[in-house]
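Letter by letter, the chains look like this.
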Amino acid sequence: MDTVTTIAAVRERVRAWRRAGERVAFVPTMGNLHAGHLSLMEVARRRGDRFVASIFVNPMQFGPNEDFAHYPRTPREDERMLEAAGCDLMFMPDVAEIYPAGYENSTRVEVPRLSKILCGEFRPGHFEGVATVVTKLFNIVQPDIAVFGEKDYQQLTIIRRLTADLCLPIEIVSAPTVREPDGLALSSRNQYLTAEERRIAPAIHRALRVAVDRLLQGSDDYAAIEREGYETLKRVGFRPDYFAVRTADDLSEPQPGARELVVLTAARIGRARLIDNLRVSR
Ligand code: PAF
């Protein structure tokens, strides 16, 4: 595996692969890799002849009071894991390489509506930051395939939309959420949990499961299902931002009888803000 830090070096490697007719898969990350990321790498390895991973903690997607400065950074460990996962190229740029004029002055990509709802309501500017950096990374790497985790369901939906809207010739592939045995979705932010908070955290998955069961039993009372999930999380010690039932493909509010749904939640506990979701087909 090669490790490079410049856009020019990525382009040079990828150009050579393309000339040889090889398909390039790409997994963008913010590093601090765990088994959830490795499952994305596995999909990339299977789907492409070559696979590129980026490690970049993107300042544009963090709010002023969020954890950008403290976000866990483990580059040496990440490099070791990527090498073991069969990665061909690791791109680890610094902030000036991605935002030469400063990220505050950079052109932004905004996906209307989708970036303002759910997490977007509680993290203003977050999804503009994600959409902007992903578009830049797509332009740098120019992959055939890009792999994203279903845990970040709203992010995945936004990336699918921007790829379609901007006519980018990239296939977006999703990979299922990887969970601890007790149901907690893997996340770099789980390490902010104290032992007591970690004990409480699987309540998120349980609350989502209850909501899914109600929907599968035929309930169309989405408001009651959302209220129940929200109150359950509050009762066990979370400060939920939202607990929502939405249409799976565009996150709009579902009509009664809707068949393809997703239940999503974001909830805070201590220093951590955890997100999770479950899809329902009925
Ligand atoms: O999901 C993430 O890790 C980030 O939001 C992403 C897609 C790498 C953009 O910074």
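Further up the page is the structure itself.
Predicted model, so just to flag it, every value in this text is computed and none were measured. (Residues numbered from 1 in each chain as written. Predicted model: local features only at pLDDT ≥ 70, side-chain atom pairs only at ≥ 80, totals over all residues. Heavy atoms only, no water.)

Structural notes on the overall build of the protein
Definition in use: Helix and strand assignments follow DSSP, with helices taken as H or I runs no shorter than four residues and strands as E runs no shorter than two, numbered in order from the N terminus. Values of the radius of gyration come from C-alpha atoms, whereas the globule rule sets the reference at 2.2 Å times the count of residues to the power 0.38. Residue burial is assigned from relative accessible area. The probe radius is 1.4 Å, only protein chains are included, and a residue is buried under 20% of its type maximum, exposed over 50%, and partly exposed in between.
For the protein, the count of helices and strands is 10 helices and nine strands. Computed over C-alpha atoms, the radius of gyration of the protein comes to 19 Å, within 12% of the 19 Å expected from 2.2 N^0.38 for 282 residues, which places it in the range of a compact globule. C-alpha extents for the protein along the principal axes are approximately 55 × 40 × 40 Å. Counting over 282 residues, the protein shows a buried share of 54%.

Here's the deal with the sheet that holds strand 7 (residues 239-247)
By way of backbone hydrogen bonds, the strands of a sheet pair with one another, either parallel or antiparallel. Note the following rule: Strands were regarded as paired on the criterion that DSSP finds at least two bridges between them. Structural elements are reduced to axes, namely lines fitted to C-alpha atoms, with helices fitted over the stretch in contact, and the angle between N-to-C directions of any two is expressed from 0 to 180 degrees. Any two residues whose heavy atoms approach within 4.5 Å are treated as being in contact.
Read from one edge of the open sheet, three strands run 7-8-9, paired in antiparallel fashion. Edge positions in the sheet fall to strand 7 and strand 9 (272-281), since each has one partner strand and no second. Strand-to-strand twist of the sheet, defined as the mean angle between neighbouring strand axes without regard to direction, takes the value 10°. The pairing of strand 7 with strand 8 (residues 260-269) spans eight bridges and is antiparallel. Bridging across to strand 8, A244 finds its partner in L264. Its contacts with the sheet place helix 9 (residues 203-216) against strand 7, strand 8 and strand 9, and it is angled at close to 25° to strand 9. Here helix 10 (residues 222-236) sits on the sheet in contact with strand 7 and strand 8, set at roughly 155° to strand 7.

Overview of the site of the ligand
Defined as follows: The criterion for a residue being near a molecule or strand is simple. One of its heavy atoms has to lie within 4 Å of it. Polar contact is the term for a pair of N or O atoms within 3.5 Å; when the atoms are in protein, one must be able to donate a hydrogen and the other to accept it, and sequence-neighboring residues count only if both atoms are side-chain atoms. Under this grouping Gly is polar, as are all residues other than the nonpolar Ala, Val, Leu, Ile, Met, Phe, Trp, Tyr, Cys and Pro and the charged Asp, Glu, Lys and Arg.
Neighbouring the ligand are P28, T29, M30, Q61, V130, V133, V134 and Q155. Side-chain polar atom of Q61 to an oxygen atom of the ligand: 2.6 Å apart, as the coordinates give it. Q155 is positioned such that a nitrogen or oxygen atom in its side chain is 2.7 Å from an oxygen atom of the ligand. Broken down by element, the shell around the ligand gets its largest block of residues, three residues, from helix 6 (residues 126-141). Residues belonging to the shell around the ligand are distributed by class as follows: five nonpolar, three polar and no charged.

Looking at the pattern of salt bridges
The test is simple: For this analysis, a salt bridge means a side-chain nitrogen from Lys or Arg found within 4 Å of a carboxyl oxygen belonging to Asp or Glu.
Summed over the entire model, instances satisfying the criterion amount to 25 salt bridges. For E42, the salt bridge identified is with R45, shortest N-O distance 3.2 Å. Note that E42 and R45 are positioned in helix 2 (residues 35-47) at a spacing of three residues, about one turn of the helix. Taking the shortest distance from any N to any O, the salt bridge between E66 and R123 comes out at 2.6 Å. Of the two residues, E66 is situated in the loop between strand 3 (50-55) and helix 3 (75-84) and R123 in the loop between helix 5 (119-122) and helix 6; the sequence distance between them amounts to 57 residues. Relative accessible area serves as the criterion here: at 9%, R123 is assigned to the buried category.

Description of the packing of aromatic side chains
As a reminder, the rule being used: Here the aromatic set is Phe, Tyr and Trp, taking the six-membered ring for Trp, and pairing holds for ring centres within 6.5 Å; pairs whose planes are under 30 degrees apart are stacked, those over 60 apart are edge-to-face, and all others are tilted. We count a charge as sitting over a ring when the NZ of a lysine or the CZ of an arginine lies within 6 Å of the ring centre and within 35 degrees of the ring normal.
Within the structure shown, the criterion is met by seven aromatic pairs. Through a chain of ring-to-ring contacts, the aromatic side chains of F26, F138 and F148 assemble into a single cluster. A cation sits over an aromatic face here: R271 above Y192, 4.3 Å from the ring centre.

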